[in-house]
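# Summary of the model geometry
Here is how the chains run, residue by residue.
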Amino acid sequence: MATLSAFSSPPWPNPNPNPNPNPNPNFVDSFSDRSFPLESDSDSPMPQDPIEPPHSQDPNPNPNPTQNPNIQNPFTTSPDSPPSSQPNLLHLSFNQDHGCFAAGTDHGFRIFNCDPFREIFRRDFISSSTDSAAEESGGGISAVEMLFRCNILALVGGGPHPQYPPNKVMIWDDHQSRCIGELSFRSNVRSVRLRRDRIVVVLEQKVYVYNFADLKLLHQIETIANPKGLCAVSQQTSSLVLVCPGLQKGQVRVEHYASKRTKFIMAHDSRIACFALTPDGHLLATASSKGTLVRVYNTIDGTLLQEVRRGADRAEIYSLAFSSTAQWLAVSSDKGTVHVFSLKVNSASAGNDKPRSASDPNLAVTQSSTSLSFIRGVLPKYFNSEWSVAQFRLPEGSHYIVAFGHQKNTVVILGMDGSFYRCQFDIVNGGEMTQLEYHNFLKPEEAF
């Protein structure tokens with residue numbers, strides 16, 4: 001069960017078109033293409049009154065909310081001034097179009113631009129003091145969810161000294177440099193996903209879907225144990241597709257809200273370890289706890305469209321990512337190698353159930369996998385597998401996530417050790433990727 005509250009002054013969202021100046025004007029300048037009010041699937045205006053509880057059976061436990069005592073004014077740090085010490089990373093995630101990424105630390109959070117790489121701003125909730133009182137005052141952020149380049153973010157406290165209770169989602173407005181609302185739950189929040197019209201909160205065995213305009217609870221879904229908080233949502237305003245684990249091992253549940261249909265896909269025999277959704281919600285890539293195969297499904301009818309092989313040994317898949325045109329799929333794992341696969345079905349054709357033509361030049365690198373089709377069934381399945389087009393090898397021992405860059409045929413790789421890589425792959429010859437750029441975004445001497 002969830003409860004919600006909003007801080008009584010000002011109302012949420014802030015109706016003042018000219019809020020107090022942002023302590024870091026670079027954020028406003030860089031993100032000026034998207035700011036409140038948020039776009040919605042409906043034409044109704046954003047509410048100008050304080051938020052009301054969404055359901056009578058989930059009353060607000062604090063009907064007369066005041067400023068949350070747990071919320072502290074952050075120490076706003078300019079990206080140009082190096083911090084006194086290197087924080088510990090608790091969270092990394094890309095925004096919806098992979099143009100930015102957010103880092104949650106034991107001090108607060110930071111937002112970075114991917115191309116060109118630079119730190120946009122940071123919010124440190126504790127001072128640089130090293131005494132025990134400062135350390136125990138909080139500051140840890142275990143989840144930061146961006147909304148494209150909007151000034152609104154969702155924060156979840158975490159780490160040894162969390163800034164906020166880990167069972168709450170805090171709605172942060174960086175124009176005001178403070179939280180303007182919260183969602184509270186009876187168990188810890190595992191992850192949050194944002195759209196311009198929805199907030200999706202993932203708990204260990206439940207998923208809650210809220211309307212962004214008034215935080216009204218729209219849907220709740222029961223899942224199998226989901227400690228990683230696996231969930232994906234489409235980003236097209238015309239339709240909403242949500243993917244989460246089902247109630248069985250290896251099963252994923254696909255919610256098509258526009259058509260009011262639910263599709264269950266038995267994707268793997270083992271438990272689901274990772275999945276990714278195209279922005280239009282037509283294609284779904286999944287990986288199991290074995291980590292050897294990645295499967296691509298049509299979310300509309302659940303058809304298996306393609307299966308690719310990461311390797312022969314078991315691995316933990318950390319991230320999956322589609323390119324913007326769904327021509328490529330990137331995979332990162334604990335083996336220290338990022339793989340890029342060529343896909344035979346793009347997102348548009350998935351909606352029409354029509355595969356891409358084999359004459360497509362982007363498929364040239366995968367034809368070797370089909371040239372042995374006449375002996376399929378004779379050799380073991382391993383030898384008939386489709387392998388990656390390009391690879392990039394990373395130092396083992398760190399957790400890496402990957403996304404496709406805005407430059408042509410590039411990937412961006414982020415590591416929990418603070419590493420940032422930009423690499424380019426050759427769509428004709430394949431093989432080892434070329435490293436174009438490297439930064440450690442946690443080191444003071446490389447603060448931007």
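Structure report, in brief. Values in this document were obtained by computation on a predicted structure and should not be read as measured data. (Residues numbered from 1 in each chain as written. Predicted model: local features only at pLDDT ≥ 70, side-chain atom pairs only at ≥ 80, totals over all residues. Heavy atoms only, no water.)

### Let's talk about the overall build of the chain
This is how it is decided: Put simply, DSSP marks the helices as runs of H or I at least four residues long and the strands as runs of E at least two long, and each gets a number from the N terminus on. Categorising residues by exposure relies on relative accessible area from a 1.4 Å probe, with only protein chains included: less than 20% of the type maximum marks a residue as buried, more than 50% marks it as exposed, and the intermediate range marks it as partly exposed. Throughout, a residue-residue contact means that at least one pair of heavy atoms, one from each residue, lies within 4.5 Å.
For the chain, the helix and strand inventory stands at four helices and 31 strands. Within the span of the chain, comprising 448 residues, buried residues form 56% of the whole. Intrachain contacts of the chain at a sequence separation of at least 6 include 50% that bridge at least 24 residues.

### As for the pattern of salt bridges
Stated formally: By salt bridge we mean one thing: a side-chain nitrogen of Lys or Arg within 4 Å of a carboxyl oxygen of Asp or Glu.
Counted according to the given criterion, the structure contains 13 salt bridges. With a shortest N-O distance of 3.9 Å, Asp197 and Arg198 are connected by a salt bridge. Among the ionic pairs, Glu432 bridges to Arg393, the shortest N-O distance being 3.0 Å. Highlighted residues: Glu432 in strand β30 (residues 431-432) and Arg393 in strand β26 (residues 390-393), separated in sequence by 39 residues. Assessed through its relative accessible area of 45%, Glu432 is described here as partly exposed.

### Some points on unusual backbone geometry
Along the chain, Asp115 connects to Pro116 via a cis peptide bond; the corresponding omega equals 0 degrees. Structurally, Pro116 is set in the loop between β5 (108-113) and β6 (118-124). Despite not being glycine, His98 has its phi angle at roughly 65 degrees, a positive value. With respect to the helices and strands, His98 occurs in the loop between β3 (89-94) and β4 (100-105).

### Thoughts on the nonpolar core
How we decide: Residues belong to one nonpolar core when they are buried, are Ala, Val, Leu, Ile, Met, Phe, Trp, Tyr or Cys, and are joined through side-chain atoms within 4.5 Å.
Counting 23 residues, the largest nonpolar core has Val169, Phe185, Ile199 and Val201 as the members making the most contacts within it. Excluding its chain neighbours within four sequence positions, the residues that come into contact with Val169 are Ala154, Leu155, Val156, Gly181, Glu182, Leu183, Phe185, Val189, Val192 and Val201. The next biggest cluster of nonpolar side chains, apart from the first, holds 17 residues, and it includes Val338, Tyr400, Phe404 and Ile413.

### Points about the sheet that holds strand β24 (residues 328-333)
For clarity, the cut-off: At least two bridges found by DSSP between two strands are what make those strands a pair.
Ordered by their spatial adjacency, five strands build an open sheet running β23-β24-β25-β26-β30, and the pairing between neighbours is mixed. Only two strands of the sheet have a single neighbouring strand rather than two, namely β23 (317-322) and β30. The sheet contact formed by β26 and β30 spans two bridges and is parallel. Across the sheet, residue Ala390 finds its bridge partner in β30, namely Gly431.

### Considering the sheet that holds strand β29 (residues 419-424)
Formally: In this description, a line fitted to the C-alpha atoms serves as the axis of each element, helices being fitted only across the stretch in contact, and the angle between N-to-C directions of two axes falls anywhere from 0 to 180 degrees.
If you trace the four strands from one edge of the open sheet to the other, you get β27-β28-β29-β31, paired in antiparallel fashion. Each having just a single partner strand, β27 (400-404) and β31 (434-440) make up the two edges of the open sheet. Between one strand and the next, the sheet's axes are offset by a mean angle of 20 degrees, whatever the strand orientation. As defined by bridge partners, β29 adjoins β31 across six bridges and the pair is classed as antiparallel. If you follow Cys423 over to β31, its bridge partner there is Gln435.

### Description of the pairing of β3
Summarising burial for β3: five of the six residues are buried, a large majority. For β3 and β4, the ladder comprises five bridges, and the chain directions are antiparallel. When the sheet's bridge partners are listed, His91 is paired in β4 with Gly104. Counting the residues between successive antiparallel strands, the hairpin from β3 to β4 contains five residues, one of them, His98, with a positive phi of roughly 65 degrees.

### Quick notes on the side chain of Ser288
Positionally, Ser288 belongs in strand β20 (residues 283-288). By relative accessible area, Ser288 is classed as buried at 6%.

### Focus: the side chain of Ser388
Spelled out, the test is: Think of a polar contact as two N or O atoms within 3.5 Å of one another; within protein, one of them needs to be a possible hydrogen donor and the other a possible acceptor, and neighboring residues in sequence only count if both atoms come from side chains.
Relative to the helices and strands, Ser388 is located in the loop between α4 (367-370) and β26. Ser388 sits in the buried class, given a relative accessible area of 15%. Polar side-chain contacts of Ser388 include one of 2.9 Å to the side chain of His339. Within polar-contact distance, the side chain of Ser388 engages the side chain of Gln391 at 3.0 Å. When near neighbours in sequence (up to four residues on either side) are disregarded, Ser388 contacts Arg309, His339, Val340 and Phe341.

### Concerning the environment of Glu204
Assignment of secondary structure puts Glu204 in the loop between β12 (198-202) and β13 (206-211). With relative accessibility at 25%, the residue Glu204 sits in the partly exposed group. Residues Glu204 and Gly229, 25 residues apart in the sequence, show an inter-C-alpha distance of 6.8 Å. In this structure, Glu204 is in contact with Asn188, Arg190, Thr223, Ile224, Ala225, Asn226 and Pro227, ignoring residues within four places of it in sequence. Looking at Glu204, its side chain comes within polar contact range of the side chain of Arg190, at 2.7 Å.

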